[in-house]
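# Fold and contact review
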Amino acid sequence: MEFSKMDLESMEKKLQDMLTEKRYRHSLGVMETAVEMAKSFGVNPEKARLAGLLHDCAKDIEKNKRIPLCKELGVPLDPIKKESKGLIHADLGAKMLETEFGISDPDIINAVKYHTLGRENMSDLEKILYLADIVEPNRVPFEGIEELRSLCKTNLDCAMLFALERSIDYIQHRHKTLHSQTLQAQQYFLEVCKEKVTG
Ligand code: FE
Ligand code: FE
């Protein structure tokens, strides 16, 4: 296929062996949602398909193996990521797109890399993966999910603001560490959405 020497079916098979059944189902849901969103926002749907399918490829690696594997593959981690090991799967997964799935396209790799924390100036593909991850049909519904789903059909920036604010709330309520990159992303989308509303 266009972005890898592997075909989609082999990637699916390989991924299935790397993930729990539940996480594999989630990945297929994200893939389908991301493709649909890509088509409606004029983003390359094949990039969205691969990013969606593979975004959590590193998430079922045992916690104590993640940091050594990052060292081995040369994936840099900041102190917060080293501390909250749940965050590592994004950076590690982005690297494994190259090493395990033969993908070198930077757009796909960045979408996976930023799907957990977000960042300022996200590309549309990055926004689509971040959002599809949250609204895919297998997700347990949460308050506001329908509002977010409808924003995902109309305005990616406002959907991002909504999703980031929900995520920040969630982190603060659970007294987890909030990464500065997520706060910067929220500030960024706040500005973008203000401009859109006030013209
Ligand atoms: Fe993830
Ligand atoms: Fe996910």
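Residues numbered from 1 in each chain as written. Chains lettered and ligands numbered in written order. Predicted model: local features only at pLDDT ≥ 70, side-chain atom pairs only at ≥ 80, totals over all residues. Heavy atoms only, no water.

### Some words on the pattern of salt bridges
Pairs can form between side chains of opposite charge whenever their charged atoms are close. Under the criterion given, the structure shown has 14 salt bridges. Salt-bridge contacts for Glu100 lead to Lys14; the nearest nitrogen and oxygen are separated by 3.0 Å. Of the two residues, Glu100 is situated in helix 6 (residues 88-101) and Lys14 in helix 1 (residues 8-18); the sequence distance between them amounts to 86 residues. The partly exposed category is assigned to Glu100, whose relative accessible area is 31%. (Salt bridge = Lys/Arg side-chain N within 4 Å of Asp/Glu carboxyl O. Helix = DSSP H or I, 4+ residues; strand = E, 2+ residues; numbered from the N terminus. Buried < 20%, exposed > 50% of the residue type's maximum accessible area, 1.4 Å probe, protein only.)

### Side note on helix 3 (residues 45-54)
Most of helix 3 is tucked away, with seven of its ten residues classed as buried. As for helix 3, its buried residues are in contact with helix 1, helix 2 (21-41), helix 6, helix 7 (106-113) and helix 8 (124-135). (Contact = heavy atoms within 4.5 Å.)

### Some remarks on the coordination of the iron ion (ligand 1)
Note on the iron ion (ligand 1): its protein donors are Asp56 (OD), His89 (NE2) and His115 (NE2). The metal-donor distances range over 2.1 to 2.2 Å. Positions of the donor residues of the iron ion (ligand 1), expressed as sequence spacing, correspond to D-x32-H-x25-H. The two metals, the iron ion (ligand 1) and the iron ion (ligand 2), are separated by 3.5 Å and share Asp56 as a common coordinating residue. With Asp56 in the loop between helix 3 and helix 4 (63-73) and His89 in helix 6, this pair connects stretches of sequence that are 33 residues apart. Of the two residues, Asp56 and His89, neither departs from the other in class, the shared state being buried. (Donors = N, O, S within 2.8 Å, 3.2 Å for Na, K, Ca; no water.)

### What to know about the coordination of the iron ion (ligand 2)
For the iron ion (ligand 2), every protein donor is listed as His26 (NE2), His55 (NE2), Asp56 (OD) and Asp133 (OD), and the spread of their distances is 2.2 to 2.3 Å. Considering all four donor atoms around the iron ion (ligand 2), the spread of angles at the metal, 78 to 172°, places the coordination shape in the irregular class. Spacing between the donor residues of the iron ion (ligand 2) along their common chain follows H-x28-H-D-x76-D. (Tetrahedral: all angles 85-135°; square planar, octahedral: opposite > 155°, others 65-115°.)

### Considering helix 10 (residues 156-173)
Along an α-helix, residues three or four positions apart point the same way, because every turn accommodates 3.6 residues. Here helix 10 is 18 residues long and its end C-alpha atoms lie 26 Å apart, about the 26 Å a rise of 1.5 Å per residue gives. All of the buried residues in helix 10 are Leu156, Asp157, Cys158, Ala159, Met160, Leu161, Ala163, Leu164, Ser167, Ile168 and Ile171. Taking the backbone nitrogen of Asp157 as reference, a side-chain oxygen 3.0 Å away marks Asn155 as the first, capping residue of helix 10. Immediately beyond the C-terminal end of helix 10, within one or two residues, lies His175, with a positive phi of roughly 55°. (Expected span 1.5 Å × (residues − 1). Polar contact = N/O pair within 3.5 Å; in protein donor to acceptor, adjacent residues only side chain to side chain.)

### Some remarks on the environment of Met96
Relative to the helices and strands, Met96 is located in helix 6. By relative accessible area, Met96 is classed as buried at 6%. Taking the C-alpha atoms as reference, Met96 lies 9.3 Å from Ile109; in sequence the two are 13 residues apart.

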